[in-house]
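Secondary and tertiary structure notes
Now for the letters of each chain:
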Amino acid sequence: MDTLTMKYIALALLGMLLHILMKIQERKDKTQKFSIKTFFADKMNWLRVVLVVISTATLMLMSDDLTDMFGIQLTDGSPAKSLFSFGAGYLNHSLIRNILKTFQKRAGIDTE
C-alpha cells in the first residue's frame, strides 16, 4: 500500500498550509501583526486544525479507493494521487472552515 508515502503526505500538508496562509493574508484587521500564539488561543482554531488533520488523514488512507471510484487519472492512465492529495489538504480545510462557520452562525456565535 503506497497510499501514505511522504510525497502524498507532503502534498496534503502543503495544500493545508496554502489555504491557511491565504486566509491569514485575507484577514480584515491587518493593523495587528499576525501571531501563531494568538491564532491558537482561539479554541475554534484548535478544533478546526484537529478536524482538518483527522479528516485529511482519513482521505489519504482512502485515496486508493477514492481515485478508483471517481476515476481520477492522469493522461497516461495512472491514478492522480498527487492531485488528490493536494486537493484533499486544500479543499478539506476550506470545507471544515465553512461547516464550522455555519454551525457558529446557527448557534448565534460571533464568527469575526
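It should be noted that the structure appears before, not after, this text.
Below: a short report on this structure. (Residues numbered from 1 in each chain as written. Predicted model: local features only at pLDDT ≥ 70, side-chain atom pairs only at ≥ 80, totals over all residues. Heavy atoms only, no water.)

**Overview of the overall build of the protein chain**
From N to C terminus, the protein chain includes 5 helices and 0 strands. Element order for the protein chain, N to C, with α for helix and β for strand: α-α-α-α-α. Each of the 112 residues in the protein chain was classed as buried or not, and the buried ones make up 26%. Put simply, of all contacts in the protein chain between residues at least 6 apart along the chain, 71% involve residues at least 24 apart. Accessible surface for the protein chain amounts to roughly 7900 Å². Of this, 66% is attributable to carbon and sulfur atoms. (Helix = DSSP H or I, 4+ residues; strand = E, 2+ residues; numbered from the N terminus. Buried < 20%, exposed > 50% of the residue type's maximum accessible area, 1.4 Å probe, protein only. Contact = heavy atoms within 4.5 Å. Areas by Shrake-Rupley, 256 points an atom, 1.4 Å probe, with all protein chains shown as cover.)

**Here we look at helix α1 (residues 6-25)**
Given a rise of 1.5 Å per residue, 20 residues ought to cover 28 Å, and the 28 Å separating the end C-alpha atoms of α1 matches this to within 8%. Three or more residues of α1 are buried, namely Tyr-8, Ala-12, Gly-15, Met-16, His-19 and Ile-24. (Expected span 1.5 Å × (residues − 1).)

**Some details on a nonpolar patch on the surface**
Together, Leu-14, Leu-17, Leu-18, Leu-21, Met-22 and Phe-86 make up a nonpolar patch on the protein surface, roughly 500 Å² of accessible area in all. The topology assignment puts Leu-21 in helix α1. (Patch = residues over 30% accessible without salt bridge, like charges linked within 9 Å, V, L, I, M, F, W, Y side chains within 5 Å. Salt bridge = Lys/Arg side-chain N within 4 Å of Asp/Glu carboxyl O.)

**Looking at the side chain of Ser-55**
Position of Ser-55 among the secondary structure elements: in helix α3 (residues 43-61). Engagement of the side chain of Ser-55 in a polar contact is seen with the backbone oxygen of Val-52, the distance being 3.3 Å. For Ser-55, the side chain forms a polar contact with the side chain of Asn-92, separated by 2.6 Å. (Polar contact = N/O pair within 3.5 Å; in protein donor to acceptor, adjacent residues only side chain to side chain.)

**Examining the environment of Leu-11**
Residue placement: Leu-11 occurs in helix α1. Accessibility expressed as a relative area gives 22% for Leu-11, which makes it partly exposed. Separated by 74 residues in sequence, Leu-11 and Ser-85 place their C-alpha atoms 5.7 Å apart. In this structure Leu-11 touches Ser-82, Ser-85 and Phe-86, once residues within four positions along its chain are discounted.

**Let's talk about the side chain of Asn-92**
As for its position among the elements, Asn-92 is in helix α5 (residues 81-107). Within the local environment of Asn-92, its side chain forms a polar contact with the side chain of Thr-56, the two groups lying 2.9 Å apart. If sequence neighbours within four positions are ignored, Asn-92 has contacts with Val-52, Ser-55, Thr-56, Leu-59 and Gly-87.

**Side note on the packing of α1 against α5**
Orientation of α1 relative to α5, taken along the N-to-C sense of each, is 35°, at an axis distance of 7 Å. Between α1 and α5 lies a crossing of right-handed hand. Contacts between α1 and α5 involve Lys-7, Tyr-8, Leu-11, Ala-12, Leu-14, Gly-15, Met-16, Leu-18, His-19, Ile-20, Met-22 and Lys-23 from the former and Lys-81, Ser-82, Ser-85, Phe-86, Gly-89, Tyr-90, His-93, Ser-94 and Arg-97 from the latter. Within the contact of α1 with α5, the residues separate by chemical class into 10 nonpolar, 7 polar and 4 charged. (Axes fitted to C-alpha atoms, helices over the stretch in contact; angles between N-to-C directions. Left-handed = near helix turned anticlockwise from the far one by under 90°. Nonpolar A, V, L, I, M, F, W, Y, C, P; charged D, E, K, R; others polar.)

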